[in-house]
Amino acid sequence: MRESYLAGGRRTTISAERGAIRRLAENGFDLGRRVLVVTDDGVPSAYAESVAGQAKEARLCVIPHGESSKCFAVLENLLAELVRGGFDRHDCVLAVGGGVVGDLAGFAAATYMRGIDFYNVPTTLLAAVDSSVGGKTAIDFMGCKNIVGAFHQPRSVLIDPDVFGTLPDRQWRCGLAEAFKMALTCDRETFEMFEGFDSLDDAKAAVEEVVARAVRVKKAVVEADEREARLRKVLNFGHTLGHAIESAAGGKLLHGECVALGMLPMCATDLRVRVEKVLDRLGLPTRCGFRAEELREALMHDKKSAGEKIDAVLSEEAGTYLLCPLAPEELLGRYRATFEEEL
Ligand code: GLY
């Protein structure tokens, strides 16, 4: 697959091909310059080493795995590497990792010398279908996720499905949940493709198709509304309640699992039954044991709150969505109706 989109005055190419991590130059990566390769200690080191080996002059930065690396201290280390390495505005930063590495390395690229080129090689399915495309870069600050950041579109994104082979099944499921989110709200045909998967293995076997379809939705949304004035909010489907569930779970549930749960109360009843079947077959959760009251505080602190209401995304029919401001009480009511009547 080879796609491109125009946003923020910059054209980004996205390629997906097995084995392509060894052929970056053929896929739009200009590495004949200084390249800061950023990865984390949870990513097999062979990937970043292979990427660094293709650059004229690479410096490798390995950050600690996990969300806590999205902070000023780690950002400062990356910026210090760029200064120490004598990087100028013709040089670039390249992320090899999941969403944390991409968000952080992208933000370093966005801020160094007022912005230098950024490339992304996502190594998780979740990052490939969502965060690597669209130019959102950020760190967390004072307990708020992604509160300090910038829009900085990558020059190129390269997705090599072979690297997903080392991912644990839970990570696969999380990536599939985000891809399914896009199908559910924007692409009925892809929704039906998901309905045809009998198991996680079925979905894994179709990974190239899943990636291509999710990337097509994502790039169309970003091209139309880079700054999330309206349409891009559709990508937050399942995330408002999902974030609140994630915070109630205190690390026991992964992001994609919470998004899967967060989608269910936002669907009309008939659609919810179909969505549950898909999630079940993939091995994603469809039951949530928290009481609505346990979610209230996190919901009120969601950064997408505007006054009394929260920008919510609903779906009544596969492949469609409605943007709808809802009071926290209405969201909690939907949550209760979906999960609490079963308790
Ligand atoms: N991950 C949501 C977005 O890119 O807008």
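Please refer to the structure higher up on the page.
Everything numeric in this text was worked out from a predicted model, so none of it was measured.

How each quantity is defined
- Residues numbered from 1 in each chain as written.
- Predicted model: local features only at pLDDT ≥ 70, side-chain atom pairs only at ≥ 80, totals over all residues.
- Heavy atoms only, no water.
- Pairing = 2+ DSSP bridges.
- Helix = DSSP H or I, 4+ residues; strand = E, 2+ residues; numbered from the N terminus.
- Axes fitted to C-alpha atoms, helices over the stretch in contact; angles between N-to-C directions.
- Contact = heavy atoms within 4.5 Å.
- Expected span 1.5 Å × (residues − 1).
- Buried < 20%, exposed > 50% of the residue type's maximum accessible area, 1.4 Å probe, protein only.
- Patch = residues over 30% accessible without salt bridge, like charges linked within 9 Å, V, L, I, M, F, W, Y side chains within 5 Å.
- Areas by Shrake-Rupley, 256 points an atom, 1.4 Å probe, with all protein chains shown as cover.
- Salt bridge = Lys/Arg side-chain N within 4 Å of Asp/Glu carboxyl O.
- Left-handed = near helix turned anticlockwise from the far one by under 90°.
- Polar contact = N/O pair within 3.5 Å; in protein donor to acceptor, adjacent residues only side chain to side chain.
- Near = heavy atom within 4 Å.
- Nonpolar A, V, L, I, M, F, W, Y, C, P; charged D, E, K, R; others polar.

Attention now moves to the sheet that holds strand 6 (residues 117-122). What links the strands of a sheet is backbone hydrogen bonding, and the strands pair in either a parallel or an antiparallel sense. The mixed open sheet is built from seven strands, whose spatial order is 1-2-9-6-5-3-4. The open sheet is flanked by strand 1 (2-7) and strand 4 (57-63), the only strands paired with a single partner. With strand direction ignored, the average angle separating the axes of adjacent strands in the sheet is 15°. Across six bridges, the pairing between strand 5 (residues 92-97) and strand 6 is parallel. Residue pairing across strands places Val96 opposite Val121, the latter belonging to strand 6. This element, helix 2 (residues 72-84), spans strand 3 (34-40), strand 4 and strand 5 of the sheet and lies at about 165° to strand 4. Seen against the sheet, helix 8 (residues 207-224) touches strand 1, strand 2 (10-16) and strand 9 (156-159) and runs at an angle of roughly 15° to strand 1.

It helps to recall that an α-helix has 3.6 residues per turn; residues three or four apart then point in one direction. In this model, helix 5 (residues 169-186) (18 residues) spans 26 Å end to end at C-alpha, consistent with the 26 Å of a helix rising 1.5 Å per residue. The buried fraction of helix 5 amounts to 14 of the 18 residues, a majority that puts the element mostly inside the structure.

With that settled, consider a nonpolar patch on the surface. A surface patch of nonpolar side chains, about 430 Å² in accessible area, is lined by Phe72, Phe141, Met142 and Ile147. Looking at the secondary structure, you find Phe72 in helix 2. Phe72 gets classed as partly exposed once you look at its relative accessible area, which sits at 40%.

Summed over all chains, the structure comprises 36 salt bridges. Salt-bridge contacts for Lys70 lead to Asp140; the nearest nitrogen and oxygen are separated by 4.0 Å. In this pair, Lys70 is assigned in the loop between strand 4 and helix 2 and Asp140 in strand 7 (residues 136-141), connecting sequence segments 70 residues apart. In this structure Asp140 comes out as buried when scored by relative accessible area, which is 15%. Glu209 is the partner of Arg213 in a salt bridge, and the nearest nitrogen-oxygen pair spans 2.7 Å. Of this pair, Arg213 and Glu209 are both found in helix 8, four residues apart, which corresponds to roughly one turn of the helix. Arg213 sits in the buried class, given a relative accessible area of 18%. Assessed through its relative accessible area of 37%, Glu209 is described here as partly exposed. Here the residues in one salt-bridge network are Arg10, Asp30, Arg33, Asp117 and Arg155, joined through shared partners.

Bringing the packing of helix 5 against helix 10 (residues 255-263) into the picture now. Across the interface, helix 5 lies against helix 10 with an axial gap of 7 Å and an inter-helix angle of 35°. Classified by chirality, the crossing of helix 10 by helix 5 is left-handed. Packed against helix 5, whose contacting residues are Arg170, Cys174, Ala177, Glu178, Phe180, Lys181 and Leu184, the element helix 10 presents His255, Gly256, Glu257, Val259, Ala260 and Met263 at the interface.

What follows is about unusual backbone geometry. With a phi angle near 50°, Met113 is a residue other than glycine that sits in the positive phi range. Within the secondary structure, Met113 is located in the loop between helix 3 (99-111) and strand 6. One non-glycine residue, Glu228, lies in the positive phi region at around 60°. The topology assignment puts Glu228 in the loop between helix 8 and helix 9 (239-249).

For Ser132, the location among the structural elements is in the loop between helix 4 (125-131) and strand 7. Here the side chain of Ser132 touches Ala127 through a polar contact of 2.8 Å, landing on its backbone oxygen. Here the side chain of Ser132 touches Ala128 through a polar contact of 3.3 Å, landing on its backbone oxygen. With residues near it in sequence (within four places) discarded, Ser132 still touches Asn120, Pro122, Ala127, Pro154 and Val157.

The next point concerns the site of the ligand. What surrounds the ligand is the set Asp130, Lys136, Lys218, Arg232 and Leu235. Between a nitrogen atom of the ligand and a side-chain N or O atom of Asp130, the distance comes to 3.1 Å. For the ligand, an oxygen atom lies 2.8 Å from a polar atom in the side chain of Lys136. Bound to the protein, the ligand loses 86% of the 200 Å² it would expose on its own. Tallied by class, residues from the shell around the ligand come to one nonpolar, no polar and four charged.

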